[in-house]
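Now for the letters of each chain:
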Amino acid sequence: GDSVTQMEGPVTLSEEAFLTINCTYTATGYPSLFWYVQYPGEGLQLLLKATKADDKGSNKGFEATYRKETTSFHLEKGSVQVSDSAVYFCALRDVGGGADGLTFGKGTHLIIQP
Amino acid sequence: DAGVTQSPTHLIKTRGQHVTLRCSPISGHKSVSWYQQVLGQGPQFIFQYYEKEERGRGNFPDRFSARQFPNYSSELNVNALLLGDSALYLCASSGTSGGVYEQFFGPGTRLTVL
């Protein structure tokens, strides 16, 4: 079945540091890939997405590139802020199936210190 | 525009009881999905409903059931509650944005089973 593996947290960085959160996936079809962010006490918000190989999703300074050859979708940001502290989830939607359920990774807790 | 709404926000039940959670999708969205998020884990897909029909189901026991109403709102029902059912239950409605499929999540219902 489909699965998503992302790096364990928590990840603690200083403000303005470079961020990478690794994400790799296994899928039977040709999935769409997503990063969601969850702030404390809130639901999930879509951060960025990519639907085909070599697509780059970007939003709010975050970027991720769909790498089919390495089955990866790593999240990056050049300079993090305290407000980026949250839990980040990598997810896929396998468009080959009938249902649209997303498969999520376990999440990476990011802590940015001033 | 109103986003996905869920009720109640918090709920406390005891083992063996029954619970009903409610969700209203974004206006114009005909598909609703339910997810269970156990503390410290990523969301797990439970159900998807589209046009009042079940379109997909995750690996959850028959104690979990759902339905969708003519106005596309949805209920998730859980019978014979177990301690392990304690989780954040997320509802998502589906639509397309710029030709790309997206799921938009509500704030969730926090269920505690004692």
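Residues numbered from 1 in each chain as written. Chains lettered and ligands numbered in written order. Predicted model: local features only at pLDDT ≥ 70, side-chain atom pairs only at ≥ 80, totals over all residues. Heavy atoms only, no water.

(A) Structural detail: the nonpolar core. Residues and elements named next belong to chain A. Grouped together as the largest cluster of nonpolar side chains are 25 residues, with contacts concentrated most on Trp35, Leu48, Phe73, Leu75 and Tyr88. Elements with a contribution of two residues or more to this core: strand E2 (11-14), strand E3 (19-21), strand E4 (23-26), strand E5 (31-38), strand E6 (44-50), strand E8 (62-65), strand E10 (86-94) and strand E12 (108-113). Looking at this core element by element, the count peaks at four residues for E10. If sequence neighbours within four positions are ignored, Phe73 has contacts with Cys23, Leu33, Phe34, Trp35, Leu48, Lys49, Ala50, Ala64, Thr65, Tyr66 and Cys90. (Core = buried A, V, L, I, M, F, W, Y, C linked by side-chain atoms within 4.5 Å. Buried < 20%, exposed > 50% of the residue type's maximum accessible area, 1.4 Å probe, protein only. Helix = DSSP H or I, 4+ residues; strand = E, 2+ residues; numbered from the N terminus. Contact = heavy atoms within 4.5 Å.)

(B) Region of the structure containing the state of the cysteines. One pass over the full model with this rule turns up two disulfides over all chains. With its sulfur 2.0 Å from that of its partner, Cys23 of chain A forms a disulfide with Cys90 of chain A. In this structure, the disulfide formed by Cys23 of chain A and Cys90 of chain A twists by about -70° around the S-S bond and is classed as left-handed. Of this pair, Cys23 of chain A sits in strand E4 while Cys90 of chain A sits in strand E10, and the two are 67 residues apart along the sequence. For the residue pair Cys23 of chain A and Cys90 of chain A, the accessibility class agrees, reading buried in each case. One disulfide in the model links Cys23 of chain B with Cys91 of chain B; its S-S distance is 1.8 Å. Between Cys23 of chain B and Cys91 of chain B, the S-S torsion sits near -65°, and that sign places the bridge as left-handed. Within this pair, whereas Cys23 of chain B is found in strand E3 (residues 19-24), its partner Cys91 of chain B is found in strand E9 (residues 87-97), the two being separated by 68 residues in sequence. In this pair, the class of Cys23 of chain B matches that of Cys91 of chain B, namely buried. (Disulfide = S-S within 2.5 Å.)

(C) A look at the packing of aromatic side chains. Using the criterion set out here, one finds 13 aromatic pairs over all chains in the structure. A ring pair is formed by Tyr30 of chain A and Tyr66 of chain A, whose centres lie 6.0 Å apart and whose planes are at 70°; its orientation type is edge-to-face. Residue Tyr30 of chain A is found in the loop between E4 and E5, and its partner Tyr66 of chain A is found in the loop between E8 and strand E9 (75-77); the two are separated by 36 residues along the sequence. A relative accessible area of 0% means that Tyr66 of chain A is categorised as buried. An angle of 85° between the planes, with centres 5.8 Å apart, marks the rings of Phe104 of chain A and Tyr35 of chain B as edge-to-face. With Phe104 of chain A in strand E11 (residues 103-104) and Tyr35 of chain B in strand E4 (residues 31-37), the pair connects residues from two separate chains. Taken individually, Phe104 of chain A and Tyr35 of chain B each receive the classification buried, so the pair is uniform in this respect. (Phe/Tyr/Trp six-rings, centres within 6.5 Å; stacked < 30°, edge-to-face > 60°.)

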